[in-house]
Amino acid sequence: MKKHITLVLAVVAILCTTAVSYAQNARMPAVPVDSAVRIGRLDNGLTYYIRHNEYPKGLADFFIAQKVGSVLEEDNQRGLAHFLEHMCFNGTKNFPDSTLLNWAESVGVKFGQNLNAYTSTDETVYYLSKVPVERTGVQDSCLLILHDWADALTLDPKEIDKERGVIHEEWRSRNVGMQRINETIMPVIYPGSRYAHRMPIGTMEVVDNFPYQALRDYYEKWYRPDLQGIVVVGDIDPDRIEAQIKKLFSGIRLDENRAERVYYPVPDTPGTIFAIGKDKEIAQARIEIVYKHDAYPDSLKNTMDYYISQYVIDMASQMLNTRMSDMMTRPETPFTAAGSYYGNFAYSKTKDAFSVVGIGKAIQ
């Protein structure tokens, strides 16, 4: 059994290291886009995607995605990307103070469930989901909310100070054993990379003390139409939604002297990196083996070559998971859980990885 697992790991490692070069040299045609998806781009660079879907009837989802995350922060800004996400619910030009949350509740959209957002290292996404859209006025209000998130936050100093305490409490509640271990090993697995010190929660020194203007400057620098995308899917009229998007978002100006959006690399390293972390709250040993490689370029992700290579890797992963599942039925097996998965290398966007994880029995 161990020989079988070793063989599968070797095959997966070869697949991961050769897949990108294979896809880059491939000549297979691109996979066609669903003809029902309306795709457009405004003169200021904002992209939108609209699709009519009547299942479930009378509902729609509204998203705005920003190609912006914590990796773009400078050392004295660590935590601002996540802080800004919170501020999008604390007052905008057309929805001052708490009126955004009150309006959402009035139409059946619950904050934290159907109205929410997330911040990662390379992106920040906001959404209103399962919105009852029988009334066109509700549709227009949702688009107006997306517009205000894109370009019309109030960032009131009183609200900023209130939110410092909220985020500090969020950090405290998440500052558990695994989180502390992650902060310890990130510099080890990301040597010479900006990702080593850009976990989205940031540092509480910055969160507690940054000047108001620093958050405003970050917002004005990075929240801009060439880095934004609107997605609307549901029981809507695509023609009408497209017209409203053009009306609301075309007037947002794109600065000619805007900063370059850099995708920071994760340097290759000679040999194997060993990162060890421990914490008194962790009662079980966890071992992870990671095979990293350059991420697929976005330009190749709409080709059959990409999907074929992903399918092969997925099959290898399933075979490996089946073998480890069989091992877990035996009393002499040293781990209580194990599995493999494929995706981004830790928090980075510019490296992908195949990972195998094993969790040992409780530490005595």
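The rules behind each value
Residues numbered from 1 in each chain as written. Predicted model: local features only at pLDDT ≥ 70, side-chain atom pairs only at ≥ 80, totals over all residues. Heavy atoms only, no water. 1 Å grid on protein atoms, 1.4 Å probe; cavity = no way out; pocket = protein on both sides within 12 Å on 5 of 7 lines; lining within 4 Å. Points joined across faces, edges and corners; volume = space filled by probe spheres on them. Helix = DSSP H or I, 4+ residues; strand = E, 2+ residues; numbered from the N terminus. Nonpolar A, V, L, I, M, F, W, Y, C, P; charged D, E, K, R; others polar. Phe/Tyr/Trp six-rings, centres within 6.5 Å; stacked < 30°, edge-to-face > 60°. Buried < 20%, exposed > 50% of the residue type's maximum accessible area, 1.4 Å probe, protein only. Lys NZ or Arg CZ within 6 Å of the ring centre and 35° of its normal. Axes fitted to C-alpha atoms, helices over the stretch in contact; angles between N-to-C directions. Left-handed = near helix turned anticlockwise from the far one by under 90°. Contact = heavy atoms within 4.5 Å. Pairing = 2+ DSSP bridges.

A.B. asks: What's the story with the layout of surface pockets in this structure? I'm lost.
C.D. replies: Over the atoms a probe the size of a water molecule is rolled, and this reveals where empty space is left. A volume near 1,100 Å³ is recorded for the largest pocket. Residue lining of the largest pocket: 33 residues in total, with I185, I189, A275, E288 and V290 positioned closest to the centre. Of all the secondary structure elements, the ones that give two or more residues to the lining of the largest pocket are α6 (177-189), β7 (284-294) and β8 (335-344). For the lining of the largest pocket, the leading source of residues is β7, giving nine residues. Partitioning the lining of the largest pocket into residue classes produces 20 nonpolar, eight polar and five charged. Of the pockets and cavities examined, the second largest pocket occupies roughly 770 Å³. Considering the residues around the second largest pocket, the lining is formed by 26 residues, among which I39, T47, Y49, K67 and D298 are closest to the centre. Contributing elements (two or more residues each) for the lining of the second largest pocket: β1 (37-41), β2 (47-52), β3 (59-66) and β6 (228-234).

A.B. asks: Got a minute to help me understand the packing of aromatic side chains in this structure?
C.D. replies: To describe a pair of aromatic rings, you give the distance between the ring centres and the angle between the ring planes. This structure, assessed with the given rule, holds 13 aromatic pairs. Plain terms: the ring middles of F89 and Y126 are 6.4 Å apart, the flat faces sit at 50° to each other, and that makes the pair tilted. Here F89 is found in the loop between α2 (80-87) and α3 (99-106), whereas its partner Y126 is found in strand β5 (residues 124-132), with 37 residues between them in sequence. The class of F89 is buried, set by a relative accessible area of 6%. Exposure remark for Y126: the relative accessible area of 0% places this residue in the buried category. Measuring from centroid to centroid gives 6.5 Å for Y126 and Y223, while their planes differ by 65°, and the two rings are edge-to-face. With Y126 in strand β5 and Y223 in the loop between α8 (212-222) and β6, the pair connects residues that are 97 residues apart, well separated along the chain. Here the aromatic residues F89, F111, Y126, W149, Y219 and Y223 are joined through ring pairs into a cluster of three or more. Across the ring face of F210, the terminal group of R164 is positioned such that the distance to the ring centre comes to 4.4 Å. Stacked on the ring of Y263, the Lys or Arg R261 has its end atom at 3.9 Å from the ring centre.

A.B. asks: Mind showing me how you'd approach the packing of α2 against helix α5 (residues 157-174) here?
C.D. replies: Axes are the key here: two packed helices are described by the angle between their axes and the distance separating the axes. Where α2 contacts α5, the two axes come as close as 10 Å, and the packing angle between them is 115°. Both α2 and α5 take part in a crossing whose hand is right-handed. Contacts between α2 and α5 involve H82, F83, H86 and M87 on the former and, on the latter, E159, I160, E163, R164, V166, I167 and E170. For the contact of α2 with α5, the per-class residue count stands at five nonpolar, two polar and four charged.

A.B. asks: What is the right way to look at the pairing of β1 in this model?
C.D. replies: The side chains of a regular strand alternate, residue by residue, between the two faces of the sheet. Bridge analysis of β1 against β2 gives five bridges, and the strand direction is antiparallel. Considered in β2, the bridge of V37 is made with R51. Hairpin connection, β1 to β2: the antiparallel pair is bridged by five residues, and G45 has positive phi, about 105°.

A.B. asks: It is not clear to me how the side chain of N114 should be interpreted in this structure. Could you clarify?
C.D. replies: Relative to the helices and strands, N114 is located in the loop between α3 and β4 (115-119). Since its relative accessible area comes to 10%, N114 is described here as buried. N114 has contacts with G108, V109, Y127, L128, S129 and K130, leaving out every residue within four places of it along the chain.

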